[in-house]
Amino acid sequence: MKQVLIESYGTPWEVARCAEVPDVGAPAADEVVFDVLAFPINPADMWFCRGSYRLKPPLPATPGAECVGRVTAAGAGVKHVRAGDLVINLQRENWAQKRKVKGVDAIPLPPGIDLKQAAMVRINPPTAELMLSDFVTLEHGDWVIQNVANSAVGRLVIVLAHQRGLRTVNVVRRPELASDLRQLGADLVVVDADDLAARVASETGDAPIRLGLEAIGGKATGRLCDCVSTDATVVHYGSMSGLNPDVTRNNFIYRGVKLTGFMLGRFMARRNPQQIRELYAVLAQQVMDGRLYAPVDTVYPIEQIKEALAHADRGGRNGKILVSPNGAI
Ligand SMILES: NC(=O)c1ccc[n+]([C@@H]2O[C@H](COP(=O)([O-])OP(=O)(O)OC[C@H]3O[C@@H](n4cnc5c(N)ncnc54)[C@H](OP(=O)(O)O)[C@@H]3O)[C@@H](O)[C@H]2O)c1
């Protein structure tokens with residue numbers, strides 16, 4: 001079977017290769033084997049290949065934080081999934097044609113779900129959902145501000161916030177995205193620049209903004225903090241610039257703005273397995289209904305992992321880069 005391996009940390013498309021490796025074998029009683037049907041290349045996977053992600057395992061290593069698969073065999077002790085079921089996997093190392101995992105880590109998805117969308121269910125939808133629910137108690141009509149608003153997470157935030165009756169200020173770096181994001185339910189789309197806070201105040205009529213979601217780092221974090229109201233919470237959940245947050249102290253001292261962070265695993269760990277399955281069941285149903293959707297730019301075969309990684313690194317994409325290791329999509 002084929003599997004992506006990195007044998008040194010560095011430029012993703014230089015260090016990753018598609019290797020021939022032994023088959024995963026049959027499942028033990030508490031295990032599940034599935035064919036990987038599709039996986040996305042997420043920013044965290046790129047950091048992983050570079051060796052700058054929080055997890056840096058001994059080499060060779062296989063990246064891949066998420067995927068969708070179809071179960072080919074389940075051990076006798078596994079009761080919640082069986083051969084033929086579609087699953088997502090709560091564990092990593094998914095850039096391969098086949099995976100063998102503990103049954104408890106295989107979360108069933110509804111049959112008939114779009115495979116491309118299913119490949120992106122594990123991380124970004126619960127990230128958007130939990131960032132809206134776990135930090136600030138928001139009321140109908142409240143404003144939320146976010147940057148990287150056209151990212152997969154950002155688009156999900158727009159839709160999920162709109163469903164809750166919240167209003168969103170969406171900060172982007174490309175003005176041509178505005179109408180696309182408005183169609184999803186974005187109330188305001190603004191282009192990031194030094195005068196961001198003044199423009200946001202003017203366009204919202206100086207409305208209080210109690211939650212900010214931030215994934216760029218550097219001075220962009222500071223600009224977002226400048227936009228929120230006194231005592232607001234800003235959640236730093238990614239660093240597309242690779243820089244640490246740079247925030248003027250006035251936001252903390254005079255206005256009591258709280259800068260905190262989000263990591264999906266940390267917030268999932270507050271939920272038991274049943275709650276996690278229920279969360280994914282609700283999100284997967286929204287995907288089935290077409291209410292949650294992440295655009296896909298290009299699908300590559302696993303043999304072209306280098307091309308896929310180089311493409312994923314380029315800005316200005318029209319959605320995610322996916323890989324189809326068994327030709328299923
Ligand atoms: N903490 C967690 O648990 C967690 C979970 C999921 C995701 N995340 C983070 O969420 C962020 C978005 O992930 P995603 O999968 O939604 O990303 P994505 O769909 O691949 O989109 C990447 C976004 O980043 C923007 N971008 C890239 N480089 C930038 C830069 N230097 N300055 C400003 N914007 C830049 C892109 O803008 P253009 O379209 O204009 O190029 C695009 O909006 C990432 O940082 C990821 O690590 C964190």
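It should be emphasised that the depicted structure is a prediction, and the values quoted were computed from it without experimental measurement.

Looking now at the overall build of the protein. For the protein, the count of helices and strands is twelve helices and 15 strands. Taken over the C-alpha trace, the protein has a radius of gyration of 20 Å; the compact-globule value for 329 residues is 20 Å, and the two agree within 12%. Expressed as lengths along the three principal axes of its C-alpha atoms, the size of the protein is roughly 60 × 40 × 35 Å. Every one of the 329 residues in the protein was classed for burial, and the buried ones make up 41%. In the protein, the proportion of contacts linking residues at least 24 apart, taken out of those at least 6 apart, comes to 67%.

The subject of this paragraph is the domain arrangement of the protein. Domain boundaries assigned for the protein yield domain 1 (2–120 + 295–324) and domain 2 (124–265). In this structure, domain 1 and domain 2 have C-alpha centres spaced 30 Å apart.

All right, on to the sheet that holds strand E12 (residues 233–236) then. Strands sit in the order E10-E9-E8-E11-E12-E13 across an open sheet of six strands; the sheet is parallel. The outermost strands of the open sheet, each flanked by one partner alone, are strand E10 (188–191) and strand E13 (258–261). Between one strand axis and the next, the sheet turns through 20° on average, direction left out of account. Here E12 pairs with E13 via four bridges, running parallel. Looking at the pairing, His 236 lines up with Gly 261 of E13.

Among the 25 residues in the neighbourhood of the ligand, the closest are listed as Ser 151, Ala 152, Gly 238, Leu 264 and Gly 315. Within the residue set of the shell around the ligand, elements represented by two or more residues are helix H2 (43–50), helix H4 (124–133) and helix H5 (152–163). Of the residues in the shell around the ligand, the class split is 13 nonpolar, nine polar and three charged. No fewer than three residues from each of domain 1 (2–120 + 295–324) and domain 2 (124–265) sit in the shell around the ligand.

The biggest cluster of nonpolar side chains holds 91 residues, and the ones touching the most others in it are Val 68, Val 121, Ile 145 and Val 157. Of the residues that make up this core, three or more belong to each of domain 1 (2–120 + 295–324) and domain 2 (124–265). Not counting the four nearest positions on each side in its chain, Val 157 is found in contact with Ala 128, Leu 132, Gln 146, Thr 168 and Leu 213.

The omega torsion across Leu 59 and Pro 60 is 0°, close enough to zero to call that bond cis. Of note, Pro 60 is situated in the loop between H2 and strand E4 (68–74). The phi torsion at Asp 206 lies on the positive side, around 65°, for a residue other than glycine. The phi angle at Asp 231 is positive, at roughly 70°, despite the residue not being glycine. Here Asp 231 is to be found in the loop between helix H8 (219–227) and E12. Looking at Asp 231, the number of C-beta atoms within 10 Å reads 12, which means it is exposed.

This brings us to the packing of H4 against H5. Packed helices, taken two at a time, are described by the angle between their axes plus the distance between the axes. Two numbers describe how H4 lies on H5: the axes approach to 9 Å, and their chain directions differ by 50°. When the axes of H4 and H5 are compared, the pair comes out oblique. Every pair of crossing elements has a handedness; the one defined by H4 and H5 is right-handed. Judged by residue contacts, Asn 124, Pro 125, Thr 127, Ala 128, Glu 129 and Leu 132 of H4 engage Ala 152, Val 153, Leu 156, Val 157, Leu 160 and Ala 161 from H5. Residues belonging to the contact of H4 with H5 are distributed by class as follows: nine nonpolar, two polar and one charged.

So, on to H2. Asp 45, Phe 48 and Cys 49 are the residues of H2 that are buried. Buried residues of H2, seen end-on, are gathered within an arc of 95° and therefore sit on one face of the element. Considering only its buried residues, H2 is in contact with strand E1 (2–6), helix H1 (12–15) and strand E2 (16–20).

Once that is clear, we can look at H4. In terms of burial, H4 is a largely internal element, eight of the ten residues being buried. Those residues of H4 not exposed but buried are Asn 124, Pro 125, Pro 126, Thr 127, Ala 128, Leu 130, Met 131 and Leu 132. Tucked into the core, H4 has its buried residues touching H5, strand E11 (209–214), E12, helix H10 (264–268) and helix H11 (273–288).

Burial runs high along strand E3 (residues 31–40): nine of the ten residues are buried. For E3 and strand E6 (residues 98–102), the ladder comprises five bridges, and the chain directions are antiparallel. Residue Glu 31 lies in a different strand from E6, and its bridge partner there is Lys 102. Here E3 runs beside E4; their pairing, made up of six bridges, is antiparallel. Counted as the bridge partner of Phe 34 is Val 71 from E4. When E3 meets strand E15 (residues 320–324), the two strands line up antiparallel, connected through two bridges. Note on E15: the bridge partner recorded for Pro 40 is Leu 322.

Basis of the calculations
Residues numbered from 1 in each chain as written. Predicted model: local features only at pLDDT ≥ 70, side-chain atom pairs only at ≥ 80, totals over all residues. Helix = DSSP H or I, 4+ residues; strand = E, 2+ residues; numbered from the N terminus. Rg over C-alpha atoms; globule rule 2.2 N^0.38 Å. Buried ≥ 20, exposed ≤ 12 C-beta atoms within 10 Å, placed from the backbone. Contact = placed C-beta atoms within 7 Å. Domains from an automatic or database assignment. Pairing = 2+ DSSP bridges. Axes fitted to C-alpha atoms, helices over the stretch in contact; angles between N-to-C directions. Near = placed C-beta within 6 Å. Nonpolar A, V, L, I, M, F, W, Y, C, P; charged D, E, K, R; others polar. Core = buried A, V, L, I, M, F, W, Y, C linked by C-beta atoms within 7 Å. Parallel < 35°, antiparallel > 145°, perpendicular 65-115°, else oblique. Left-handed = near helix turned anticlockwise from the far one by under 90°. Arc of directions from axis to C-beta.

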